[in-house]
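# Overview (structure and organization)
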Amino acid sequence: ETGVTQSPTHLIKTRGQQVTLRCSSQSGHNTVSWYQQALGQGPQFIFQYYREEENGRGNFPPRFSGLQFPNYSSELNVNALELDDSALYLCASSLRAGGPGRNEQFFGPGTRLTVL
Amino acid sequence: AQKVTQAQTEISVVEKEDVTLDCVYETRDTTYYLFWYKQPPSGELVFLIRRNSFDEQNEISGRYSWNFQKSTSSFNFTITASQVVDSAVYFCALSPNNNNDMRFGAGTRLTVKP
């Protein structure tokens, strides 16, 4: 069974640029959630994707967008990068949609984004 | 509003000591779920436990135990006979029943010294 994988591992961008982060869900999982974890803080929920559609969103501006593909992998896109976007971006997959209370989420190792 | 507070920013113990990590939560929901995750230096969040709001039974899993008290809105985590490999950041989290959001605390960094 393959776990959740994310790419790239690290990324450095400059303010105003755009970035795409990628996530492959665990085998058999059809739902992907994305989290942002700033240094020294807990992860914050960005959004969840199920059947290629957004299925819930946290308090993040529209410049944070995502995609889910038919193979259930997912992308997180961030436009017009700001310095505060520097963080570890975690992806989590689960067997089905819904809250983590009923559907255990399995996390990937994250992508560390640095915005200069 | 959902909120999770982990008042202990950092804890340092010597191997074989017992250590308790505190977690206090706020929610208006009657049905909710509580979690503990471990985050080693590699960055990946490792699931430790999930409890629903109707199950206040304490749980023990090897050297780990959890104390859920609805009366004080706390869900504390104890590691017995700590080991160096327990060194990590530990997060407590809360999720409402009908919401995809999971609200994390700020985490407690545990260092276990040999």
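Note that the structure is predicted; figures quoted are calculated from it, not measured.

### Quick word on the state of the cysteines
Residue and element names in this part refer to chain A. Considering all chains together, one arrives at two disulfides over all chains under this definition. Here Cys23 connects covalently by a disulfide to Cys91, the sulfurs 1.7 Å from one another. Handedness of the Cys23-Cys91 disulfide follows from its S-S torsion of about -50 degrees: it is left-handed. Here Cys23 is found in strand E3 (residues 19-24), whereas its partner Cys91 is found in strand E9 (residues 87-94), with 68 residues between them in sequence. As far as the burial class goes, Cys23 and Cys91 line up, both buried.

### A closer look at the confidence of the model for chain B
When pLDDT is averaged along chain B, the result is 92; 97% of the residues meet or exceed 70. Mean pLDDT in chain B bottoms out at strand E7 (residues 59-61) of chain B, which sits at 87, and peaks at strand E3 (residues 19-21) of chain B, which reaches 98.

### Observations concerning the interface of chain B and chain A
With 21 residues of chain B at the contact, the number on the chain A side is 23 residues. With both chains or domains summed, chain B and chain A bury close to 1,700 Å², and 53% of this area falls on carbon and sulfur atoms. The interface formed by chain B and chain A contains zero salt bridges. If you look at where chain B meets chain A, you find one residue pair in polar contact (both at pLDDT 80 or more). Considering each element in turn, the side of chain B that touches chain A owes the most residues, four residues, to strand E5 (residues 32-39) of chain B. Taken together, the residues of the side of chain B that touches chain A sort by class into nine nonpolar, nine polar and three charged.

### Some thoughts on the side chain of Gln37 of chain A
Note on placement: Gln37 of chain A falls in strand E4 (residues 31-37). Of the polar contacts made by the side chain of Gln37 of chain A, one reaches the side chain of Gln39 of chain B; its length is 2.9 Å. For Gln37 of chain A, the residues in contact, after removing those within four places along its chain, are Gly42, Pro43, Ala87, Leu88 and Leu90 of chain A together with Gln39 and Phe91 of chain B.

### Focus: the pairing of strand E2 (residues 10-14) of chain B
All names here are of chain B. Alternating positions in E2 separate cleanly, Ile11 and Val13 being buried on one face and Glu10, Ser12 and Val14 remaining unburied on the opposite face. As defined by bridge partners, E2 adjoins strand E12 (residues 108-113) across five bridges and the pair is classed as parallel. Note that in E12 the partner of Val13 across the bridge is Val112.

### A look at the layout of surface pockets
Empty pockets left among the atoms are what a rolling probe the size of a water molecule brings to light. Estimated volume of the largest pocket: approximately 500 Å³. Lining of the largest pocket is provided by 28 residues; of these, Gln37 and Gly40 of chain A together with Gln39, Val89 and Arg109 of chain B occupy positions nearest its centre. Among the secondary structure elements, those contributing two or more residues to the lining of the largest pocket are strand E10 (88-96) and E12 of chain B. Considering each element in turn, the lining of the largest pocket owes the most residues, four residues, to E12 of chain B. Residues belonging to the lining of the largest pocket are distributed by class as follows: eleven nonpolar, 14 polar and three charged.

Each value, and the rule that gives it
Residues numbered from 1 in each chain as written. Chains lettered and ligands numbered in written order. Predicted model: local features only at pLDDT ≥ 70, side-chain atom pairs only at ≥ 80, totals over all residues. Heavy atoms only, no water. Disulfide = S-S within 2.5 Å. Helix = DSSP H or I, 4+ residues; strand = E, 2+ residues; numbered from the N terminus. Buried < 20%, exposed > 50% of the residue type's maximum accessible area, 1.4 Å probe, protein only. pLDDT = per-residue confidence, 0-100. Contact = heavy atoms within 4.5 Å. Buried area = accessible area lost by both parts, 1.4 Å probe. Salt bridge = Lys/Arg side-chain N within 4 Å of Asp/Glu carboxyl O. Polar contact = N/O pair within 3.5 Å; in protein donor to acceptor, adjacent residues only side chain to side chain. Nonpolar A, V, L, I, M, F, W, Y, C, P; charged D, E, K, R; others polar. Pairing = 2+ DSSP bridges. 1 Å grid on protein atoms, 1.4 Å probe; cavity = no way out; pocket = protein on both sides within 12 Å on 5 of 7 lines; lining within 4 Å. Points joined across faces, edges and corners; volume = space filled by probe spheres on them.

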